[in-house]
Amino acid sequence: IAGITQAPTSQILAAGRRMTLRCTQDMRHNAMYWYRQDLGLGLRLIHYSNTAGTTGKGEVPDGYSVSRANTDDFPLTLASAVPSQTSVYFCASSGQENTEAFFGQGTRLTVV
Amino acid sequence: GIQVEQSPPDLILQEGANSTLRCNFSDSVNNLQWFHQNPWGQLINLFYIPSGTKQNGRLSATTVATERYSLLYISSSQTTDSGVYFCAVETFKGGSEKLVFGKGMKLTVNP
């Protein structure tokens, strides 16, 4: 089934540890996004990529990095996790011509 | 950057009632989407509607891009309509495109 897949579904992480959230899509979409969702704040953009090989910073990029080595994968890395990065993380993708965005199921991350 | 405001922030309805959700945005957009986040946290695409009117069953949406707003109509609401509704817009400036979300509207439909 075509779609966008995130892993893991949930994770408890010790502060200071490194963590990579995975995101894979099989729709051949050019654009991909990472958001975090916090109560009362809605979804905020962390990083995005318009096409393979390019990335850009969103509204809240500090403490996060991304890479886009190919069309399908867009991993999000927390180099040294802090408790304020406790959140639900959503990955999304959208195509070039049809810019409707589709979301993964989310990753619930707790940093303790 | 662009600002997206949704109203009302919360709404409680009795089953069978109708409702209108509003999304205002501060700049020109080339894309607008409505999403429903269900109680399990999943974001469901409702409408991709940069302009015009669309209908899907009991739901319909209208975007007036020149006046920078969009409306989502829910008719004959059901308990399964409960959840959070998000409006998101996309701009094209300086070669970058970003999908910007409003803070959402929590809908509770009581039986």
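The text that follows walks through the structure, step by step, so that each part is easy to find. (Residues numbered from 1 in each chain as written. Chains lettered and ligands numbered in written order. Predicted model: local features only at pLDDT ≥ 70, side-chain atom pairs only at ≥ 80, totals over all residues. Heavy atoms only, no water.)

## As for the nonpolar core
Ranked by size, the top nonpolar core spans 22 residues in total, and within it W34, L72, Y85 and V89 of chain B carry the most contacts. Of all the secondary structure elements, the ones that give two or more residues to this core are β3 (19-25), β4 (31-37), β5 (43-48), β7 (59-64), β8 (69-74), β9 (83-93) and β11 (105-110) of chain B. Excluding residues that lie within four positions of it along the chain, L72 of chain B makes contacts with S19, T20, L21, W34, L46, F47, S60, A61 and Y85 of chain B. If you look at the next biggest cluster of nonpolar residues, it comprises 19 residues, including W34, Y64, L78 and A81 of chain A. (Core = buried A, V, L, I, M, F, W, Y, C linked by side-chain atoms within 4.5 Å. Buried < 20%, exposed > 50% of the residue type's maximum accessible area, 1.4 Å probe, protein only. Helix = DSSP H or I, 4+ residues; strand = E, 2+ residues; numbered from the N terminus. Contact = heavy atoms within 4.5 Å.)

## Focus on the state of the cysteines
Residues and elements named next belong to chain A. All chains considered together, the criterion is met by 2 disulfides over all chains. Linked covalently through their sulfurs, C23 and C91 form a disulfide whose S-S length is 1.9 Å. Between C23 and C91, the S-S dihedral sits near -75 degrees, and the bridge is therefore left-handed. Remark: C91 occurs in strand β9 (residues 87-94) and C23 occurs in strand β3 (residues 19-25); sequence separation between them is 68 residues. We classify C91 as buried; its relative accessible area is 0%. (Disulfide = S-S within 2.5 Å.)

## As for the packing of aromatic side chains
By the definition in use, this model includes 9 aromatic pairs over all chains. A centroid spacing of 5.2 Å and a plane angle of 75 degrees characterise the contact between Y35 of chain A and F101 of chain B, whose relative ring orientation is edge-to-face. Of the two residues, Y35 of chain A is situated in strand β4 (residues 31-38) and F101 of chain B in strand β10 (residues 96-101); the pairing between them involves two chains. Neither residue differs from the other here; Y35 of chain A and F101 of chain B are each classed as buried. An aromatic cluster of three or more residues is present, and its members are Y33, Y35, F90 and F103 of chain A together with F35, F86 and F101 of chain B. Directly above the aromatic system of Y69 of chain B lies the positively charged group of R22 of chain B, at a separation of 4.2 Å from the ring centroid. (Phe/Tyr/Trp six-rings, centres within 6.5 Å; stacked < 30°, edge-to-face > 60°. Lys NZ or Arg CZ within 6 Å of the ring centre and 35° of its normal.)

## Thoughts on the pairing of β3 of chain B
Within a regular strand, side chains alternate between the sheet's two faces. All names here are of chain B. On β3, burial follows the alternation: S19, L21, C23 and F25 on one face are buried, whereas T20, R22 and N24 on the facing-out side are not. In this sheet, β3 lies alongside strand β1 (residues 4-7) in antiparallel orientation, the contact comprising 4 bridges. Among the inter-strand pairings, E5 is bridged to a residue of β3, identified as N24. Relative to β8, β3 runs antiparallel, the two being bridged by 6 bridges. From the neighbouring strand, S19 faces β8, where its bridge partner is I74. (Pairing = 2+ DSSP bridges.)

## Observations concerning the interface of chain A and chain B
Contacts between the two partners involve 18 residues from chain A, matched on the other side by 18 residues from chain B. Overall, the association of chain A and chain B removes approximately 1,500 Å² of surface from exposure, summing both partners, and the carbon and sulfur fraction of that is 52%. Interface area lost by chain A to chain B is led by L43, T99 and F103 of chain A, which between them contribute 29%. Remark: the boundary between chain A and chain B carries 5 residue pairs in polar contact (both at pLDDT 80 or more). Secondary structure elements with two or more residues in the side of chain A that touches chain B: β4, β5 (42-49) and β10 (101-103) of chain A. Classifying every residue of the side of chain A that touches chain B by side-chain character gives 10 nonpolar, 6 polar and 2 charged. (Buried area = accessible area lost by both parts, 1.4 Å probe. Polar contact = N/O pair within 3.5 Å; in protein donor to acceptor, adjacent residues only side chain to side chain. Nonpolar A, V, L, I, M, F, W, Y, C, P; charged D, E, K, R; others polar.)

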